[in-house]
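# Per-entry structural report
In case you want the letters, here they are:
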Amino acid sequence: MPGNERRGFAAMDREKQREIARKGGKAAHDKGTAHEFTADEARQAGRKGGEAVSRDRAHMSRIGREGGLSSRGGRGRPANSEEAEERSADDSASSRAERGPGEHLSGQGGGEEAGARP
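Scanning the chain from terminus to terminus reveals four helices and zero strands. Taken from the N to the C terminus, the helices and strands of the chain come in the order α-α-α-α. When each of the 118 residues of the chain is scored for burial, the buried share is 3%.

Encoded structure:
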């Protein structure tokens, strides 16, 4: 008998496997023997999974970058860091050109002293 031949459950198509598993889960719940996580067990399992995925630095970097790009402040930002620096420099230059001389970011004049308010 060949050792790599699929037999039993593994030989079934995915849909048939899912149907059998669904029936087994339903039967266990109906019988009262199915395991249901408590809040503490779920918390512990989530922490364990989070620790495992956090070890993959490339994955964490990738999802962080995707999160930043999809956040409100990241819309339209270029993914390339050189392009981002160029855009930032262009934005700074255009915002300075829009302000008059001596006008600060707050829109108020320079004042006599640093930080003086009218």
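Pairs can form between side chains of opposite charge once their charged atoms are near each other. As enumerated under the stated definition, the model contains three salt bridges in all. In this structure, Glu19 engages Arg22 in a salt bridge whose closest nitrogen and oxygen atoms are separated by 3.0 Å. Of this pair, Glu19 and Arg22 both sit in helix H1 (residues 14-31), three residues apart, roughly one helical turn. Residue Glu19 is classed as partly exposed on the basis of its relative accessible area, which comes to 32%. Here Asp40 and Arg43 are joined by a salt bridge, their closest N and O atoms 2.5 Å apart. Pair noted here: Asp40 and Arg43 are both in helix H2 (residues 39-54), with a separation of three residues, about one helical turn. Taking relative accessible area as the criterion, Arg43 reaches 46% and is therefore assigned partly exposed.

This part takes up the side chain of Gln17. Looking at the secondary structure, you find Gln17 in helix H1. Residue class for Gln17 comes out buried when judged on its relative accessible area of 13%. Not counting the four nearest positions on each side in its chain, Gln17 is found in contact with Phe9, Ala10 and Met12.

Averaged over every residue, the pLDDT of the chain is 75; the share at 70 or more is 58%. Low pLDDT, under 50, characterises residues 106-116; the predicted model gives this stretch eight contacts beyond four residues in sequence or across chains.

Parameters and conventions
- Counting starts from 1 at the beginning of each chain's written sequence and moves along it residue by residue.
- For a predicted model such as this one, the threshold for reporting local features is a pLDDT of at least 70, and the threshold for listing and counting side-chain atom pairs is 80 or more; totals across whole chains, interfaces and linings nevertheless cover every residue.
- Derived side-chain values reflect all non-hydrogen atoms in the structure, with water molecules and hydrogen atoms excluded from consideration.
- A run of DSSP states H or I qualifies as a helix once it reaches four residues; a run of E qualifies as a strand once it reaches two. Both are numbered from the N-terminal end.
- Under the scheme applied here, a residue whose accessible area is under 20% of the maximum for its type counts as buried, over 50% as exposed, and between as partly exposed, the area being computed with a 1.4 Å probe on protein chains only.
- By convention in these notes, a salt bridge is any Lys or Arg side-chain nitrogen within 4 Å of a carboxyl oxygen on Asp or Glu.
- We call two residues contacting when some pair of their heavy atoms lies within 4.5 Å.
- Each residue carries a pLDDT value, the predictor's own confidence for that position, ranging from 0 to 100.

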